[in-house]
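# Coordinates in review
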Amino acid sequence: MFDSLFADIDSQEREFTVYQSGEETEVESQFETHNVAVSQSDLPPEGPEPFLVIEDEKEFAGALPVAELDRLLEPPVVRPGEREDVSKGFGVLFEVLDETVFRSMDRAQLLAVSREIEDRAARVGEGTLRVRFESRSVFEPQTALYRELAAETELDIHVYGIDDQPLSGVQFHRREGFDSYWVLAFDGGPDKQQACALLARRQGTQFEGFWTYDPELVDRIMRPLAE
Amino acid sequence: MTGNEFGAVVETGTESAISLDEDRLYRALASTRRRRLLYVLLVEEACSAERLATILAGWDSTETGRIATPEDREEILIDLKHRHLPGLDDAGLITYDHGSDTVEIGTLDGSVAQLISRSIEAET
């Protein structure tokens, strides 16, 4: 279930190429933690200002000036609201930006990412939060936080992999088959733009995976847990 | 044979370098798109029409500040394949092999190359 999701993420074929005449741009480092291959193509010296060509599955999706990209990436990053109205290039660009991939993170780093998702769920105050920590011992220090989330928000909270710790307002599920996974997913409640999720799997002592703000991907992560 | 917008059609089999004093050269350079693609070819010597279309679409975007869409690029590609490339090929400035999608710069006189470069410098 999550394995196929991982495979899909791995097989995404997005390519960014920076066409440039002169100095190096920062595009490569800007997308270092994102699931995209960045390369560069040299143009003659009197050519245009640098621009970025976005390709998805080997097809041209868009080209935009690097200056414009920098402007877009300057916080606060304003995402286009309705995906359907957005040109294909921006669609791919924001999909790439929505997803942060990692090859090697430890438990403390994953807890920090988890905390961000929990905070966001707490701020929205409603919607569904589904959580699976990699082990019981990781969840235990979080008990107070989840007790508070249950008491002070309208969130529908589901915790998986633990069935013997009744915390009122939290639904615990003993679900098998997710053993090496660490999963947190929040559907955004009434505002899908608030959806976010973390999906990680253990590789030795470290974890690999990604987190995402893409509502569709969040939904794909939530579904196997909800079944 | 009458000339097209690029001027007179070059004699087939002509191997001599094109020189400055030819009217068709100025006609060829009358279009921004043609100046830019010639300039890219001067440096790259050969590339595909697909690559040229991508570069020209991106070049446009640096001026408008807007993203170039796949439709924008497709329009440029069609314009290249049906108008600019065959025209420049006829004028002897490039050779364009439709089948293999290869565009190559012709044998240009040094002053012609300079004129192309200068026309781009003047633009920016």
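Because the structure is predicted, anything quoted here is derived from the model rather than measured.

### Some thoughts on the overall build of chain A
Helix and strand counts for chain A stand at eight helices and 11 strands. With respect to the principal axes defined by its C-alpha atoms, chain A has extents near 70 × 35 × 25 Å. The buried share of chain A, reckoned over its 227 residues, is 36%. The contacts of chain A with a sequence gap of at least 6 include a subset with a gap of at least 24, amounting to 57%.

### Topic: the overall build of chain B
Scanning chain B for helices and strands turns up five helices and three strands. Starting at the N terminus, the α and β elements of chain B follow one another as α-α-β-α-α-β-β-α. The buried share of chain B, reckoned over its 124 residues, is 36%.

### Concerning the environment of A:L225
Tracing the backbone through its elements, the reader meets A:L225 in helix 8 (residues 215-226). Beyond its immediate chain neighbours, meaning those up to four positions away, A:L225 contacts A:R130, A:R132, A:Y160 and A:V183.

### A few points about the sheet that holds strand 9 (residues 181-186) of chain A
Residues and elements named next belong to chain A. One open sheet holds the seven strands; their spatial order is 5-11-10-9-6-7-8, and the pairing between them is mixed. One side of each edge strand has no neighbouring strand; the edge strands of this open sheet are strand 5 (99-105) and strand 8 (170-173). With direction set aside, neighbouring strand axes in the sheet form an average angle of 10°.

### Quick look at the domain arrangement of chain A
Residues and elements named next belong to chain A. We note that the domain assignment places domain 1 (2-99) and domain 2 (106-226) within chain A. Contact with domain 1, which involves six residues of that partner, is made by 10 residues of domain 2. With three residues, helix 1 (residues 2-11) is the single largest residue contributor to the side of domain 1 that touches domain 2. Here the residues of the side of domain 1 that touches domain 2 are counted per class, giving three nonpolar, no polar and three charged.

### A look at the environment of A:E32
Residue and element names in this part refer to chain A. Take E32: it is sitting in the loop between helix 2 (27-30) and strand 2 (37-42). A count of 11 C-beta atoms within 10 Å places E32 in the exposed class. With 69 residues separating them along the chain, E32 and V101 place their C-alpha atoms 9.0 Å apart.

### Topic: the nonpolar core
Within the largest apolar cluster, 50 residues are counted, with the highest numbers of intra-cluster contacts made by A:L52, A:A63, B:L52 and B:L56. The element that contributes the greatest number of residues to this core is helix 3 (residues 49-64) of chain B, accounting for seven residues. Setting aside its immediate chain neighbours within four residues, B:L56 contacts B:R33, B:R36, B:L37 and B:I76. Counting residues in each nonpolar core, the second largest holds 36 residues, with A:L110, A:Y146, A:V183 and A:A200 among its members.

### A short note on the interface of chain B and chain A
Contact with chain B, which involves 20 residues of that partner, is made by 19 residues of chain A. Among the secondary structure elements, those contributing two or more residues to the side of chain B that touches chain A are helix 2 (32-44), helix 3, helix 4 (70-90) and helix 5 (110-123) of chain B. Ranked by the residues each element gives to the side of chain B that touches chain A, the list is headed by helix 3 of chain B, at seven residues. Across the side of chain B that touches chain A, the residue classes break down as 10 nonpolar, eight polar and two charged.

### Regarding helix 4 of chain B
Residue and element names in this part refer to chain B. With 21 residues, helix 4 should cover 30 Å at 1.5 Å per step; its first-to-last C-alpha distance of 29 Å lies within 8% of that length. The largest bend along helix 4 reaches roughly 50° and is located at L80. Residues D72, R73, I76, L80, H84, L85, G87, L88 and D90 constitute the buried set of helix 4. Of the residues trailing helix 4, G92 is marked for its positive phi of about 80°.

### Section: the sheet that holds strand 3 (residues 102-105) of chain B
Residue and element names in this part refer to chain B. Spatial ordering of the open sheet is given by 1-3-2, a layout of three strands whose pairing is antiparallel. If you trace the sheet from one side to the other, it starts and ends with strand 1 (46-47) and strand 2 (94-97), each paired once. Note that strand 2 and strand 3 share four bridges and pair antiparallel. In the sheet register, Y96 faces strand 3, and the bridge partner there is V103.

Parameters at a glance
- Residues numbered from 1 in each chain as written.
- Chains lettered and ligands numbered in written order.
- Predicted model: local features only at pLDDT ≥ 70, side-chain atom pairs only at ≥ 80, totals over all residues.
- Helix = DSSP H or I, 4+ residues; strand = E, 2+ residues; numbered from the N terminus.
- Buried ≥ 20, exposed ≤ 12 C-beta atoms within 10 Å, placed from the backbone.
- Contact = placed C-beta atoms within 7 Å.
- Pairing = 2+ DSSP bridges.
- Axes fitted to C-alpha atoms, helices over the stretch in contact; angles between N-to-C directions.
- Domains from an automatic or database assignment.
- Nonpolar A, V, L, I, M, F, W, Y, C, P; charged D, E, K, R; others polar.
- Core = buried A, V, L, I, M, F, W, Y, C linked by C-beta atoms within 7 Å.
- Expected span 1.5 Å × (residues − 1).
- Bend = angle between axes of the 7 residues up to and from the residue.

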